[in-house]
Amino acid sequence: MTIHRETLDPERERSASLTTWAAANKYVGPESFDAEGFKRFRVTNPVDRMGLYLFECANGDIYIGIAKDAAQRLRTHRNKHPDAVKFWFRADPRSDGERRIVERQLVRDAQRFGLVVRNREHASGHTGVSTLDALLTPNEQESWLENPVVANAGDKTDLVDLGASKLAAHAGDFAKLSKHPRYEEIIHILGDYAAQCIPLARRTEATFWTVSCYPSWNRQRVFCVSMAGQEVFFIVSSDWNSKLRAMLFVDGRELHQGVIGRLRMLAQKTFPKRGGHKSGGAFEQALYFRDIRDLKKALKSPYLRRSIAKFNLDLMRKRQSAYKISHCRQLAEAALTSSRTSSAHGR
């Protein structure tokens, strides 16, 4: 049997895949991403240009967005995405908020379909240059992901000076935490998480990851670790229960898969939960632990550690933490010191 060369051409296959996905999601096009293409689009759509747009770049990446006037909005993308080559349009006269919900669904669906999406919001991962690259080179990021524990153990960076006022702002909450009957366990679980799952935790502390102590928006939460614009790990204490429940968010693609995988997680007292963050991306998975002792045991799984590490690095590549104002240096330093002491004793 003769195999046609075009069936082996990745570029043609990628383009056909995008065309199929765009048509299935009611996009009309494509049109060339240039002055002539914009002109033809305005002629075809003289009035109703409100809706969702999609454009493809030369390397096959796509970007999905919403606009009141797609022709005008697309032109503004040319500076940031000079390699854009063609675009599609899907009319949608509903409100901005309603279109935003559809945009989020489309971004996630496109990633599940196998397309590479450049959107920072709503997408899993981050393509291209990142602000994190100035602090951790891309090679350092890759090396860290290959062996987070070793890389973090070698990170001797001094923590940045936050100033007396910043320290004073959270001293009271940390003093309250230090009196918790399970304080040592709390510090150790945060230290374990930092040592195994946060990229170069000392170097990125207070900028790309932050931790709040008894955050004002939910006082049942003992602490919340945040990256980019979302919480990635928190523990909760109830007055009527001595247990410390834990919730963390991971890249679900790295977990055990299938029925057997799910049973393995349940055996480790790791419970997948539905829901999550609007900006968590297509592959975000929430995991629940009835007590931090269960989480401590579960962290021995290389699958779980990899799922957390991959998720955290992708978030850091999007942008710095949005919760710097609530960062508790005292808690972060105690946890990082705990992780270094544990490494030194081979715990």
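Worth saying up front: this structure is predicted, and the values here are computed from it rather than measured.

**Details of a nonpolar patch on the surface**
A cluster of nonpolar side chains, contributed by Val259, Ile260, Leu263 and Leu266, occupies part of the molecular surface with about 390 Å² of accessible area. Structurally, valine 259 can be placed in helix 10 (residues 258–267). Relative accessible area serves as the criterion here: at 63%, valine 259 is assigned to the exposed category.

**A few points about the sheet that holds strand 1 (residues 28–32)**
Strand order in the open sheet formed by four strands is 1-4-2-3, and the pairing between neighbours is antiparallel. Looking at the sheet topology across the chains shown, the edges are occupied by strand 1 and strand 3 (62–67). Taking each pair of neighbouring strands and ignoring which way they run, the sheet shows an average axis angle of 25 degrees. Note: strand 2 (residues 51–57) against strand 4 (residues 84–91), seven bridges, orientation antiparallel. In the strand pairing of strand 4, leucine 54 is matched with tryptophan 88. With respect to the sheet, helix 2 (residues 35–44) is in contact with strand 1 and strand 4, its orientation differing from that of strand 1 by roughly 145 degrees. Along the sheet, helix 4 (residues 96–113) contacts strand 2, strand 3 and strand 4; its crossing angle with strand 3, the most-contacted strand, is approximately 170 degrees.

**Considering helix 5 (residues 138–146)**
Residues three or four positions apart in an α-helix share a direction because the helix packs 3.6 residues into each turn. Every buried residue of helix 5 is listed here: Gln141, Trp144 and Leu145. Projected down its long axis, helix 5 carries its buried residues within an arc of 95 degrees, all on one side. Within helix 5, the exposed residues directed more than 90 degrees away from the buried face are Asn139 and Glu146. Its buried side turned inward, helix 5 meets helix 6 (148–153), helix 8 (183–197) and helix 12 (302–318).

**Remarks on helix 1 (residues 10–24)**
Taking 1.5 Å per residue as the helical rise, helix 1 with its 15 residues ought to reach 21 Å, and the 21 Å between its terminal C-alpha atoms agrees with that figure. Along helix 1, the residues classified as buried are Leu18, Trp21 and Ala22. The arc that holds the buried residues of helix 1, viewed along the axis, is 100 degrees, so those residues lie on one side. Exposed residues on helix 1 whose side chains face more than 90 degrees from its buried face are Arg12, Glu13, Ala23 and Ala24.

**A few points about empty space enclosed by the protein**
All chains considered together, the criterion is met by three cavities of 30 Å³ or more. Each pocket or cavity is described by its volume, and for the largest cavity that value is around 80 Å³. As for the largest cavity, its lining consists of Ala123, Ser124, Gly125, Asp251, Arg253, Gly280, Phe283, Glu284, Phe311, Asp314, Leu315 and Lys318. Ranked by residue count, the leading element in the lining of the largest cavity is helix 12, at four residues. Class assignment for the residues of the lining of the largest cavity results in four nonpolar, three polar and five charged.

**A few points about the pairing of strand 2**
With respect to burial, strand 2 is a largely interior element, seven of its seven residues being buried. Where strand 2 lies against strand 3, six bridges are found, and the strand directions are antiparallel. Note on strand 3: the bridge partner recorded for glycine 51 is alanine 67. Here strand 2 folds back onto strand 3, and the loop between the two strands holds four residues, one of which, glycine 60, carries a positive phi near 95 degrees.

**Re the pattern of salt bridges**
Summed over the entire model, instances satisfying the criterion amount to 20 salt bridges. A salt bridge links aspartate 133 to arginine 317; the nearest nitrogen and oxygen atoms lie 2.8 Å apart. Remark: arginine 317 occurs in helix 12 and aspartate 133 occurs in the loop between helix 4 and helix 5; sequence separation between them is 184 residues. As far as burial versus exposure is concerned, aspartate 133 and arginine 317 are alike and both buried. When the shortest N-O distance is used, the salt bridge between arginine 182 and glutamate 185 registers 2.9 Å.

**A look at unusual backbone geometry**
Note on backbone geometry: most residues besides glycine have negative phi, and most peptide bonds are trans. Of note, the amide linkage connecting glycine 29 to proline 30 takes the cis form, showing an omega dihedral of 10 degrees. As for its position among the elements, proline 30 is in strand 1. One non-glycine residue, lysine 26, lies in the positive phi region at around 70 degrees. By secondary structure assignment, the location of lysine 26 is in the loop between helix 1 and strand 1. Of the residues examined, lysine 26 reaches a relative accessible area of 63% and is grouped as exposed. Positive phi outside glycine occurs at alanine 206, with the angle close to 75 degrees.

**Structural notes on a positive patch on the surface**
Positive charge collects at one region of the surface, where Lys243, Lys269, Lys273, Arg290, Lys297 and Lys300 lie side by side. Tracing the chain through its elements places lysine 273 in strand 9 (residues 271–273).

Cut-off values and rules
Residues numbered from 1 in each chain as written. Predicted model: local features only at pLDDT ≥ 70, side-chain atom pairs only at ≥ 80, totals over all residues. Heavy atoms only, no water. Patch = residues over 30% accessible without salt bridge, like charges linked within 9 Å, V, L, I, M, F, W, Y side chains within 5 Å. Areas by Shrake-Rupley, 256 points an atom, 1.4 Å probe, with all protein chains shown as cover. Salt bridge = Lys/Arg side-chain N within 4 Å of Asp/Glu carboxyl O. Helix = DSSP H or I, 4+ residues; strand = E, 2+ residues; numbered from the N terminus. Buried < 20%, exposed > 50% of the residue type's maximum accessible area, 1.4 Å probe, protein only. Pairing = 2+ DSSP bridges. Axes fitted to C-alpha atoms, helices over the stretch in contact; angles between N-to-C directions. Contact = heavy atoms within 4.5 Å. Arc of directions from axis to C-beta. Expected span 1.5 Å × (residues − 1). 1 Å grid on protein atoms, 1.4 Å probe; cavity = no way out; pocket = protein on both sides within 12 Å on 5 of 7 lines; lining within 4 Å. Points joined across faces, edges and corners; volume = space filled by probe spheres on them. Nonpolar A, V, L, I, M, F, W, Y, C, P; charged D, E, K, R; others polar. Lys, Arg positive; Asp, Glu negative; His and termini not counted. Charge placed at Lys NZ, Arg CZ, Asp CG, Glu CD.

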